[in-house]
Structures are given as structure tokens and as C-alpha cells.
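Listed below, chain by chain, are the residues.
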Amino acid sequence: MTAPRIGGMLVGYWRVCPRKAWYSMRGLWMEQESEAVALGRLLDRTSYRRRRRPALIEATAPDGTPLVAKLDGVDLRAGVLHETKKGRSCEDAHVWQVRFYLWVLRLAGVTGPGGRPLRGQLDYPALRRTEPVALELEHEGHLAEVVSALAACARQDVPPERHPRRSFCRRCAFEALCYG
Amino acid sequence: MPRDHYLFSNGRLRRRQNTLWLEKATEDRVPGVALDDTGAPSGTLTGEKAVLPVEAVDALHCFGEIDLNAKLVVFLAQQRIPVHVYDYYGNYAATLYPREYLLSGRLTVAQAEHYLRPARRLRLARAFVGAGLYNIRRVLRYHARRVGDEAPVRHALAVVEREAARVPEEAAIPELMAVEGRARDAYYRAWPAMLGPRLAEVFPFDGRQRRPPSNALNAAISFGNALCYAACLKALYRTALDPTISYLHEPGDRRYSLALDLAEVFKPLLVDRAILRLLKTGRLQPSHFEGRLGGTYLTETGRRRFVEAWDERLRRTVRHRRLGRHVSYERLIRLDAYRLVRHLTDPADPYVGFRAWW
Ligand code: SF4
């Protein structure tokens, strides 16, 4: 399989569990998961309407892997990239998804006002919370590694091992697929 | 949790905002008499309505003669609700299978690959037969302990065990089918003994006859198998599996032949146990069967009772060992479909088919 364009959600999944990322790259969705995604979309449409524009940005990773960032809303005037999420606040996967977007924007040469890099923000309307997300140099190095690993994973015929912590799988939407 | 809904009356099903409305009609049809060919719905609308909020519906089963229009079909498809249609006799007729929403090209390719390569196909076909026979053994064992005259049940058990031992040896699908057929035959022949002398007299059985079912037991088995097929098809619809590519059955035996493969595993557990229980508790009586067109069928009341018991059974739960929590019998079918997905994506994780442990 040729490597797919890698998006932010996959990067988030990879951080959670490579097997989950592999299943997703194969189009093996869990129903609950697709419902959660649909609910997420509904959330973005209903919350924070002002001055937001959805955008699709493409770039290429240092190793040549094509990247794509589907952005919920970029507030160009304020120089803030927003990502709306439902559920638990500040999950590792969410944070890395936003860092990935900031990275793609930087690679694509998109900047905020005055040429400053954009800042990231996670919005949790259901929790009435927001979390700032920054992209540091070390994060960029890690993202480059994750993207290379994802591209290699996509070419792999069999799924990666299950997550080493069984208890971790208890809150994963793919549990029934992995252990059913 | 959305559930399956079973519509027995005639009438018209419509969309009213986010609700399904069944406008009921009188039962004007005369059974066995040629239906009118004017295209008009049978019966006249009575004004009686039943309302179903769409979120509460997982699938629909139409046993009555139901009129529906394109607008409703579009709505049901958007809501991902499959609709199973049965004919007047309760035979499965068709499914309105909504557009797929979980698709994986790679999985479909893997499914086809496993069909085309004989060794791979055989491995899966064996798993379906093996699990089916295993579950038949569970039913026999369960009942062997509960009947006075154990000999016929013990005999059937021996035959099924002998045939099951051949599953890993047979090298072609037709032989595997024959193994399954012989085992099932011996199994069905033990039914009168499992029912006990009193019921065996009321429900005589002379082996399995499908089209048309020759007696009450055959009618019940056929009806139950149709429900099981529909349940398996729904489970497949909720996964990215393509229901038309199958292994034990030839694709084309039925349009959704993979549902037949899966049903092989679950019929003993879901259908056969339900029937034996319905008869033993007297919930199904001889009066719930009628002769039509040279066959025997469940009456509408009989079907209602069967469906009630079926629905209860599907929602009964059991503690799942690998997941470590309670799951419904219905969910077990979906989990087996997931196992099939795992098999197709990872040879180190073979599908063995669900095996009841109780
Ligand atoms: S259930 Fe566990 S192994 Fe499977 S995808 Fe989720 S986290 Fe990974």
C-alpha cells in the first residue's frame, strides 16, 4: 500500500496506539468512533462560529511523506488555530493533533500577523474550557519521527501489536475489534 | 440502545420528521388466495397509528404487508437502518440494505483473496463448520442431562463428534458441507428424544424438510433460521465486511452469503435452543402452526410468540471472557464478525468461530 497522506488525527492515534492508527489507515472504523467523529463535526459547526474559516493545508514532511491538515477554524487576524473537541480535556492525542497542524502550517509557510508563527488552541465547548498548545523545536523532531513511522506502518501488511497495557484498551473504541 | 422492531400488521410506513409512523391497515388478505394485482395495499387503513422514534430502531422486520415510499427508504438509509422483509408465510424474502458506511477497500481485497485461495478459503470454511458443530454438541449435551431416554441423544452426540473430528481432514468444501449435513441430520433426529415422549407425539419429526417445511418443527426451524440470517446480516452491516463474499457457502447461494456462513455458527445457540425452550415451556403449541400450500407454517400468533422469545434471547447477556464484561447474545454475533476482520488482516490471529461454553 502506498503511504496515505498523513493527517492530524492519525498522528494523535499513533501516540495513543499504533494499532489504532493502522486500523484507521485501512478504513477499519469502529462504529462508535465514526459516530464520535460525526458528533465532533456537529460540535464545530455549532460552537464558536465567529471569524473562523475551515481550511485544508498540504505540506511535505522532511522524509517526503505527504501531509494534510484539515483545520476546523483558523483565526488569521488573531493568529490562532482552533481545534474543537468533545470529551476529556487536554488528551495527549488532541494536543499532538494540534501540534501537527501547527507544524504543517509552518512547513507550508503559513504565518500569522507580522509573520509570527500561529498559536494553537484546543476548545472544549462541552467542558467550557480552552487549552493553549505550542509547537516547540523538539516537538517538530518528534512529529517528523511519528510521520516516518506512520508511513512505514501504512506499508505493513499486518496490524501492529496490541497496546501493552490491557487496561488502557478499556477506554478505546477499538477494543471490541482487538479483543472481541 | 436501539433495537430491532418487528412489524406484524399490514399498513403504511411513513416518515414524519424524525419518527417512523406505521399507519395500520385491516387484514383483508385471504391466505392462500391469489393476491389482488391492482398494486393497492391490502386492507384499508384503520386510522390506528404506531410511532417509532428513529433513534430507537436498529433494524426493521416486516412480516405484514407494508407499503413504503422512496422518501422513507432514503430516510432509513440515512439512519443506517436495514429493513428485512418476509413473505406471507414468514419466509425471508429480501433486505433493504442501506448504502455501506463503513468501507475498507483493503479489507474487501483481503476477503476476496481468502475466497480465491483454496487453502485460505478452506481454513475459514472449517472454522464455520467446526464452530457450528461445537455449538450443536453443547445443545445435545445440555439436553442429554434433561431427558429420560438418553440413548438417542447420546447416539446423536457420538455421530456429531465423529463428524466434527473429520472437519480438519476434509480437503474440499463439498465434503465439508457433507460432514455438516450428516451431523445435522443425526442432531435433528435426536430432537424427539430431547423434547420427551409427550411433546414428541405432539410434534413429530421426520428429519429436516425445508421447502416447504413438512411439519411444525421444520416450520419453526425455518422461521428461526430466517431470523438468524437477518441478525447476522445486520451484524455484518455494522462492520466493514462485504456480506457478499463468503467461504463455506458459495457467494451467490444467497445475495448476502457471508451471513449464511456466520449463521452456521449461531443457529444452534440462538435458533435451536429458542425452539426447544418454546416447545418445552408450552409457549408454542400445535395451534400455532397451520398447513398451507402443502407445507406447515407458523400462524401469526405463533410468529409473534417466536419473535418475542427470539428478541429476549438476543438481549440476554453472558460474561465475555476476553472482554471481561457482560455482552448480549446479539453482540456476540458482531464480535465474531470482528474476529473475522482480524483473521483477514492478520494470519497470526485466526478466526475460530464462536463457541458457547455454557
Ligand atoms: S484496543 Fe488497545 S490495542 Fe486495540 S487499538 Fe485500542 S488501544 Fe490499541
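What counts, and where the lines are drawn
- Residues numbered from 1 in each chain as written.
- Chains lettered and ligands numbered in written order.
- Predicted model: local features only at pLDDT ≥ 70, side-chain atom pairs only at ≥ 80, totals over all residues.
- Heavy atoms only, no water.
- Near = heavy atom within 4 Å.
- Helix = DSSP H or I, 4+ residues; strand = E, 2+ residues; numbered from the N terminus.
- Nonpolar A, V, L, I, M, F, W, Y, C, P; charged D, E, K, R; others polar.
- Buried < 20%, exposed > 50% of the residue type's maximum accessible area, 1.4 Å probe, protein only.
- Disulfide = S-S within 2.5 Å.
- Contact = heavy atoms within 4.5 Å.
- Buried area = accessible area lost by both parts, 1.4 Å probe.
- Salt bridge = Lys/Arg side-chain N within 4 Å of Asp/Glu carboxyl O.
- Polar contact = N/O pair within 3.5 Å; in protein donor to acceptor, adjacent residues only side chain to side chain.

A.B. asks: Honestly, the site of the ligand in this entry has me stumped. Any pointers?
C.D. replies: Residues and elements named next belong to chain A. Taken together, C17, R19, K20, R162, H163, F168, C169, C172, F174, E175 and C178 make up the full set of residues adjacent to the ligand. Secondary-structure elements contributing two or more residues to the shell around the ligand are α2 (18–25), α6 (166–169) and α7 (175–179). Residue composition of the shell around the ligand, by class: six nonpolar, one polar and four charged.

A.B. asks: Just checking my understanding: could you explain unusual backbone geometry for this structure?
C.D. replies: Omega for the peptide link from R211 of chain B to P212 of chain B comes to -10°, which places this bond in the cis form. By secondary structure assignment, the location of P212 of chain B is in the loop between α7 (197–202) and α8 (216–237). With a phi close to 55°, R128 of chain A is a non-glycine residue in the positive phi region. Residue R128 of chain A is classed as exposed on the basis of its relative accessible area of 76%. In this structure, R80 of chain B takes a positive phi of about 60° despite not being glycine. With respect to the element layout, R80 of chain B can be found in the loop between α1 (70–78) and β7 (83–86). Owing to a relative accessible area of 28%, R80 of chain B belongs among the partly exposed residues under this scheme.

A.B. asks: Before we go on, may I ask you to explain the state of the cysteines in this structure?
C.D. replies: Each disulfide is one covalent bond, formed between the sulfur atoms of two cysteines. Residue and element names in this part refer to chain B. Taken as a whole and judged by the stated rule, the model has zero disulfides over all chains. C62 takes part in no disulfide bond, and the closest cysteine sulfur, belonging to C228, lies 19 Å away. C232 takes part in no disulfide bond, and the closest cysteine sulfur to it belongs to C228, at a distance of 4.3 Å. Overall, the relative accessible area of 0% leaves C232 in the buried class.

A.B. asks: Is there a simple way to explain the environment of R137 of chain B in this structure?
C.D. replies: All names here are of chain B. Following the sequence through the fold, R137 ends up in helix α3 (residues 118–144). For R137, a relative accessible area of 17% translates into the label buried. On a C-alpha basis, the gap between R137 and A164 in space is 9.5 Å, while along the polypeptide they are 27 residues apart. If we skip the residues at most four places from it in the chain, R137 touches L157, V160, E161 and A164.

A.B. asks: Is there a simple way to explain the interface of chain A and chain B in this structure?
C.D. replies: How big an interface is tends to be reported as the loss of accessible area on association of its parts. Every contact between the two is made by 23 residues of chain A and, on the other side, 23 residues of chain B. Across the interface of chain A and chain B, roughly 1800 Å² is buried in total on both sides, 50% from carbon and sulfur atoms. Run the count over chain A and chain B and you get three salt bridges. With a closest N to O distance of 2.9 Å, R162 of chain A and D349 of chain B form a salt bridge. The interface formed by chain A and chain B includes 11 residue pairs in polar contact (both at pLDDT 80 or more). Mapped onto the side of chain A that touches chain B, the elements with two or more residues apiece are α2, α3 (31–46) and α7 of chain A. Looking at which element gives the most residues to the side of chain A that touches chain B, the answer is α7 of chain A, with five residues. Looking at side-chain class alone, the side of chain A that touches chain B contains 12 nonpolar, three polar and eight charged residues.

A.B. asks: I'm lost on the pattern of salt bridges in this one. Help?
C.D. replies: A pair can form between side chains of opposite charge whenever their charged atoms are brought close. Residue and element names in this part refer to chain B. Summed over the entire model, instances satisfying the criterion amount to 33 salt bridges over all chains. In this structure, the salt-bridge partner of D58 is K234, at a minimum N-O distance of 2.8 Å. Here the residue D58 occupies a position in strand β5 (residues 57–62), and K234 occupies one in helix α8, the gap between them amounting to 176 residues. The partner of E264 in a salt bridge is R184, and the shortest N-O contact between them spans 3.8 Å. With E264 in helix α9 (residues 257–280) and R184 in helix α5 (residues 173–189), the pair connects residues that are 80 residues apart, well separated along the chain.

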